[in-house]
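Here is how the chains run, residue by residue.
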Amino acid sequence: MATKLIANLIVMGGGVVLRAISQAYRQAIVNASKTGVAQETVQNMAHKVSKTMSEHEARQILGVAENAPWEEVVKKYDTLFENNMKAGSFYLQSKVFRAKECLEAAREQQAKGAEGQRQ
């Protein structure tokens with residue numbers, strides 16, 4: 001009889017706690033949507049999920065300035081890639097490669113934009 005009573009208390013207590021948590025979560029969502037935090041959070045999550053490297057991050061990895069010529073970007077890439085091939089890690093080598101890849105895409109997009117403005 002005592003075990004049945006304890007089991008009922010645990011089940012009822014768990015139900016109460018679960019309802020309280022779900023109600024608090026709903027209220028947090030309402031509050032977040034009022035302040036605009038929800039949209040910002042969704043945007044941040046989408047950016048993290050996409051796993052694309054930003055141009056700023058790519059420039060930091062390669063150690064080049066925003067207005068650096070393409071030749072300097074390639075030179076830094078070659079140096080970092082070769083150094084990590086010899087004694088570095090595959091992770092760093094892939095980061096360097098992805099950084100160059102990102103900057104190449106940005107450069108091509110810039111060229112297409114300039115070409116479109118001329119026409």
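Parameters and conventions
What you see as residue numbers is a count from 1 along each chain, following the sequence as written. At least 70 in pLDDT is required for a residue's local features to be given in this predicted model, at least 80 for side-chain atom pairs to be given and counted, and no such filter applies to totals for whole chains, interfaces and linings, which use all residues. Calculated side-chain values reflect all of the structure's heavy atoms, with hydrogen atoms and water omitted. Secondary structure elements are taken from DSSP: a helix is a run of H or I of four residues or more, a strand is a run of E of two residues or more, and numbering for both begins at the N terminus. Method for areas: the Shrake-Rupley scheme with a 1.4 Å probe, in which residue coverage is limited to the protein chains shown. Here, a salt bridge means any side-chain nitrogen of Lys or Arg that lies within 4 Å of a carboxyl oxygen of Asp or Glu. Relative accessibility decides the category of a residue: with a 1.4 Å probe and only protein chains considered, values under 20% of the type maximum give buried, values over 50% give exposed, and everything between is partly exposed. Residues enter a nonpolar core if they are buried and are Ala, Val, Leu, Ile, Met, Phe, Trp, Tyr or Cys, with the set joined through side-chain atoms within 4.5 Å. Residues are treated as being in contact if the distance between any of their heavy atoms lies within 4.5 Å. Ring pairs shown here join Phe, Tyr and Trp side chains whose ring centres sit within 6.5 Å, with only the six-membered ring taken for Trp; geometry is labelled stacked below 30 degrees between planes, edge-to-face above 60, and tilted in between. Placement of a charge over a ring requires the Lys NZ or Arg CZ to be within 6 Å of the ring centre, with the centre-to-atom vector within 35 degrees of the ring normal. UniProt positions are given in the numbering used here, feature names are shortened, and annotations may be inferred rather than shown by experiment. Expected helix span is computed as 1.5 Å times (number of residues minus one). What the arc measures is the spread of directions leading from the helix axis to the C-beta atoms.

Draft legend 1. Local environment of the overall build of the protein. Tallying secondary structure elements over the protein gives 5 helices and 0 strands in all. The N-to-C order of helical and strand elements in the protein reads α-α-α-α-α. Split by element, the accessible area of the protein, about 9,800 Å² in all, is 59% carbon and sulfur.

Draft legend 2. Summary view of the pattern of salt bridges. Using the criterion set out here, one finds 4 salt bridges in the structure. Between Glu-101 and Arg-98 there is a salt bridge, with its nearest N and O atoms 2.7 Å apart. Here the residue Glu-101 and the residue Arg-98 both occupy positions in helix 5 (residues 90–118), the gap between them amounting to 3 residues, near one helical turn. For Glu-101, a relative accessible area of 36% puts it in the partly exposed group. Accessibility expressed as a relative area gives 43% for Arg-98, which makes it partly exposed. With its nearest N and O atoms 3.2 Å apart, the salt bridge here joins Glu-104 to Lys-100.

Draft legend 3. Focus on the nonpolar core. One finds Ala-58, Leu-62, Val-64, Val-73 and Leu-103 to be the most contacted residues of the largest nonpolar core, which totals 13 residues. If you list the elements that add at least two residues to this core, you get helix 3 (55–62), helix 4 (70–86) and helix 5. The residues touching Leu-62, leaving out its near neighbours within four places in the chain, are Val-73, Lys-76, Tyr-77, Leu-80, Val-96, Ala-99, Lys-100 and Leu-103.

Draft legend 4. Main features of the packing of aromatic side chains. Within this structure, the stated rule accounts for 1 aromatic pair. Geometry around Tyr-77 places Lys-100 over its ring, the cationic atom sitting 4.6 Å from the centre.

Draft legend 5. Seen up close, the environment of Ser-54. One can find Ser-54 in the loop between helix 2 (37–50) and helix 3. Accessibility expressed as a relative area gives 29% for Ser-54, which makes it partly exposed. Distance from Ser-54 to Ala-106, taken between C-alpha atoms, is 9.6 Å for residues 52 residues apart in sequence.

Draft legend 6. Looking closely at the UniProt feature "signal peptide" (unreviewed entry) in the protein. Mapped onto the present numbering, the UniProt feature "signal peptide" (unreviewed entry) falls at residues 1–18. Helix makes up 94% of residues 1–18 and strand 0%, and the two end C-alpha atoms of the span are 26 Å apart.

Draft legend 7. Local environment of helix 4. Taking 1.5 Å as the rise per residue, helix 4 with 17 residues should run 24 Å; its terminal C-alpha atoms sit 24 Å apart, in good agreement. Of the positions making up helix 4, those classed as buried are Trp-70, Val-73, Tyr-77, Phe-81 and Asn-84. Down the axis of helix 4, the buried set is contained in an arc of 70 degrees. They therefore lie on one face. Facing away from the buried side of helix 4 by over 90 degrees, the exposed positions are Glu-71, Lys-75 and Lys-86.

Draft legend 8. Highlighting the side chain of Gln-93. Mapping Gln-93 onto the fold places it in helix 5. Once residues within four sequence positions are removed from consideration, Gln-93 is found in contact with Phe-81, Asn-84 and Met-85.

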